[in-house]
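Here's the letter readout for the chains.
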Amino acid sequence: MPLEFAGSWPPQADVPQVGFKEPPDHHEAYWLYGYDPGAKVGHYLYLAAEKDDVLLRRESVFLLLPDGSVLAQHGAGRNSHGTTAAGDRLEIECLEPFRRWRGRYAAPMYRLAGEEIVAGPRPDSELVEAVIDLEAESAAAPWNTEGDWGEQPPSLRYHQFYDTIGIVRVDGTAYPFAGLGFRSHSRRRRDMPGFTGHAIINGRFPSGRGFGLLRYRATADRPERGRGFLYLDGVLHDADVVTWPHLDEAVPGGERLTIELRAGRHKAVITAETIASTFVTPVPEGRKYGAHVGDEPGTVISPAFARYQWDGETGYGGLERSALRSAITIPDTGRQDDSGNA
């Protein structure tokens, strides 16, 4: 049965803009974010175009391995071409709009374990050769995250569940995986002044149902805003976000959280446990890995892989949150300025 796409987006809306921007003040970003609970392998592939450079895209990559270690790396490059958005070593190719994509990456990555997961890599942290190659196929129609509260056209942003198959190779060891995930594609303004934090959370379950939300923390002049969805019997139901977890502490894993969504007569109370969290601190020249201690203005972003419970059923997905550095508790490792990356 063919998917009925949400919204009125034509196929070309899913294809990357290469060498041009329309509108010119918008950022374009792609995201593949998934987990295989059997293989215990997670992937987070993110590409964001720079506002003032029509070719430059910044990349962030995280991999979770079965031994619990996290691989992390970032970069920037101008290698987009055709239907492929690319930074330095990360490529996300649109094989068929709204239906199939391919993610490829090959580069040395930091292997993070213990306190490095929160604090970021040291100058002498281990670097390992890593390769990832995956294909993703849509498992649901895209959800229009903006709805009637966010930016209006020509801005767009949608999330979409997918099934994936792929392989990760680390120093010659292969980790095949076949799992689930969600993708995001956006073309929008990135108005950061006053930003205080957000959450992007998605999960799917063996029965086929799922959920998601996009929520912003309140600012000095705006209340909390954002919305969610419940995916039931193949239908996306717009949902109010009743309860959602703020980021208030830098915890590498095992954090227990609660999410509550209501969509008409449907109500979902979902508990979450983070399997592994990662941390990045945006800086003018890109991102530093780690939740860096300090009182300077700035934000900490925490992508995580999570296990969910919904009425006795276990599911998995991605759980990304952010907060101001001053609003979260960060363990002081004595390593504010020696992360070894910029």
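Residues numbered from 1 in each chain as written. Predicted model: local features only at pLDDT ≥ 70, side-chain atom pairs only at ≥ 80, totals over all residues. Heavy atoms only, no water.

(A) Fine view of the nonpolar core. Ranked by size, the top nonpolar core spans 30 residues in total, and within it W31, Y44, F62 and V70 carry the most contacts. Sort the elements by how many residues they give to this core and strand β1 (residues 27-36) lands first, with four residues. Ignoring anything within four residues of it in the chain, the contact list for V70 reads F62, L63, L64, Y110, R111, L112, I117, A276 and T278. Grouped together as the second largest cluster of nonpolar side chains are 26 residues, V61, A85, L90 and M109 included. (Core = buried A, V, L, I, M, F, W, Y, C linked by side-chain atoms within 4.5 Å. Buried < 20%, exposed > 50% of the residue type's maximum accessible area, 1.4 Å probe, protein only. Helix = DSSP H or I, 4+ residues; strand = E, 2+ residues; numbered from the N terminus. Contact = heavy atoms within 4.5 Å.)

(B) Seen up close, the environment of T278. Along the chain, the position of T278 falls in the loop between β17 (266-277) and β18 (280-283). Its relative accessible area of 6% is what places T278 among the buried residues. Here the alpha-carbon distance between T278 and A119, two residues 159 residues apart in the chain, equals 9.4 Å. The residues touching T278, leaving out its near neighbours within four places in the chain, are F62, V70, I301, S302 and P303.

(C) Focus on the packing of aromatic side chains. This structure, assessed with the given rule, holds 19 aromatic pairs. Considering the side-chain rings of Y44 and F62, the 5.3 Å spacing of their centres and the 65° angle between planes classify their relative orientation as edge-to-face. You can see Y44 sitting in strand β2 (residues 41-49) and its partner F62 sitting in strand β3 (residues 57-64), a full 18 residues away along the chain. The residues Y44 and F62 share a single accessibility class, namely buried. Both rings, one in F161 and one in Y231, keep their centres 6.0 Å apart while their planes meet at 65°; by these two values the pair is edge-to-face. Placement of F161 in strand β10 (residues 156-170) and of Y231 in strand β14 (residues 225-232) is noted, with a sequence separation of 70 residues between them. In this structure, F161 and Y231 share a single accessibility class: buried. Through pairs of rings, three or more aromatic residues link up here, namely W31, Y33, Y35, Y44, Y46, F62, F182, Y289, F305 and Y316. (Phe/Tyr/Trp six-rings, centres within 6.5 Å; stacked < 30°, edge-to-face > 60°.)

(D) Structural view of the environment of Y289. Within the secondary structure, Y289 sits in strand β19 (residues 286-289). Judged by its relative accessible area of 1%, Y289 falls in the buried class. Along the sequence, Y289 and V118 sit 171 residues apart, while their C-alpha atoms lie 8.4 Å from each other. Side-chain polar atoms of Y289 contact the backbone oxygen of Q73, separated by 2.4 Å. Separated by 3.5 Å, the side chain of Y289 and the backbone nitrogen of H74 make a polar contact. (Polar contact = N/O pair within 3.5 Å; in protein donor to acceptor, adjacent residues only side chain to side chain.)

(E) Representation of the pairing of β3 in the model. Summarising burial for β3: seven of the eight residues are buried, a large majority. By the bridge criterion, eight bridges tie β2 to β3 in an arrangement that is antiparallel. Along β3, the bridge assignment pairs A49 with R57. Bridge analysis of β3 against strand β4 (residues 70-77) gives eight bridges, and the strand direction is antiparallel. Directly across from L64, in β4, lies its bridge partner V70. (Pairing = 2+ DSSP bridges.)

(F) Structural detail: unusual backbone geometry. The omega torsion across E22 and P23 is -5°, close enough to zero to call that bond cis. For P23, the location among the structural elements is in the segment before β1. For F98, which is not glycine, the phi torsion reads 65° and is therefore positive. As for its position among the elements, F98 is in the loop between β6 (90-96) and β7 (100-112). The backbone of D311 shows a phi angle near 50°, a positive value even though the residue is not glycine. Along the chain, D311 falls in the loop between β20 (299-310) and β21 (313-324).

(G) Region of interest: the confidence of the model for the chain. Chain-level pLDDT for the chain is 89 on average; 90% of the residues reach the 70-or-more range. Here β19 stands out as the element of the chain with the lowest mean pLDDT, 78, in contrast to strand β16 (residues 256-263), whose mean of 98 is the highest. This model gives residues 337-342 a pLDDT under 50, and the stretch forms 23 contacts once residues within four places in sequence are excluded. (pLDDT = per-residue confidence, 0-100.)

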